[in-house]
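As a plain string of letters, each chain reads:
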Amino acid sequence: MYKTLSLTCLFVMNFVFFEIAVTDQKAMIHQHFEQLGIECIKDHSITEDDINNLRTKKIPSGENAPCFLACMFKKLGLLDDGGLLQKENALELAKKVFNDDEELKLIEDYLHSCSHINSESVSDGNKGCERSMLAYKCMIENASQFGFDL
């Protein structure tokens, strides 16, 4: 289960900067996301189907999947306590990993392509579960236009 969870956690943030990272960076990112996923699955268990959907870049449909994503995003600093996405925090995380201005600009543009998510109407208020799922869908849909092969 933890191996599968680890792969799932990696995918959750893969769309931000994992695909363009070098091997040493991937190992560091992998370890960090694995730990966060283990923490989040305690409160927001996801089904094997959800895990498989995340691994195959599909939208998970399980009841807890949106809140699992929100938990991951909050732990990464990508979702604030008000349930809003913080693309600036994602960019700051990317700057800790990447030194190339072109890569950082590409990541910034990619994150900006989903910034409209914060103005979407959601019914769960500051929980951020619905907004996290909207962001996840947006990032999967927009990845190819920025050259990310998720």
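The shown structure was predicted, so the numbers you read here are calculated from the model rather than taken from an experiment.

Visitor: So what exactly am I meant to see when it comes to the pattern of salt bridges here?
Guide: Pairing between side chains of opposite charge can happen when the charged atoms of each approach one another. Per the stated rule, a full pass over the model turns up 3 salt bridges. Close ionic contact of K75 with E39 constitutes a salt bridge, the shortest N to O distance being 3.2 Å. You can see K75 sitting in helix α4 (residues 65–76) and its partner E39 sitting in helix α2 (residues 23–43), a full 36 residues away along the chain. Looking at K75, the relative accessible area reads 41%, which means it is partly exposed. We classify E39 as partly exposed; its relative accessible area is 28%.

Visitor: What should I look at first to understand the packing of α4 against helix α7 (residues 129–142) in this one?
Guide: For any two helices packed against each other, one specifies the inter-axial angle together with the distance between the axes. At a minimum axis distance of 7 Å, the contact between α4 and α7 shows a crossing angle of 85°. Taken together, the axes of α4 and α7 are roughly perpendicular relative to one another. Residues A65, P66, C67, L69, A70 and F73 of α4 form the contact with α7, whose participating residues are C129, S132, M133, A135 and Y136. Considered class by class, the residues forming the contact of α4 with α7 number 10 nonpolar, 1 polar and no charged.

Visitor: Would you take a moment to explain helix α5 (residues 87–97) for this structure?
Guide: In an α-helix, one turn spans 3.6 residues, which is why side chains three or four residues apart end up on the same side. Looking at α5, one finds that the buried residues are A90, L91, A94 and V97. Relative to the axis of α5, the buried residues are bounded by an arc of 110° and lie together on one face.

Rules behind the numbers
- Residues numbered from 1 in each chain as written.
- Predicted model: local features only at pLDDT ≥ 70, side-chain atom pairs only at ≥ 80, totals over all residues.
- Heavy atoms only, no water.
- Salt bridge = Lys/Arg side-chain N within 4 Å of Asp/Glu carboxyl O.
- Helix = DSSP H or I, 4+ residues; strand = E, 2+ residues; numbered from the N terminus.
- Buried < 20%, exposed > 50% of the residue type's maximum accessible area, 1.4 Å probe, protein only.
- Axes fitted to C-alpha atoms, helices over the stretch in contact; angles between N-to-C directions.
- Parallel < 35°, antiparallel > 145°, perpendicular 65-115°, else oblique.
- Contact = heavy atoms within 4.5 Å.
- Nonpolar A, V, L, I, M, F, W, Y, C, P; charged D, E, K, R; others polar.
- Arc of directions from axis to C-beta.

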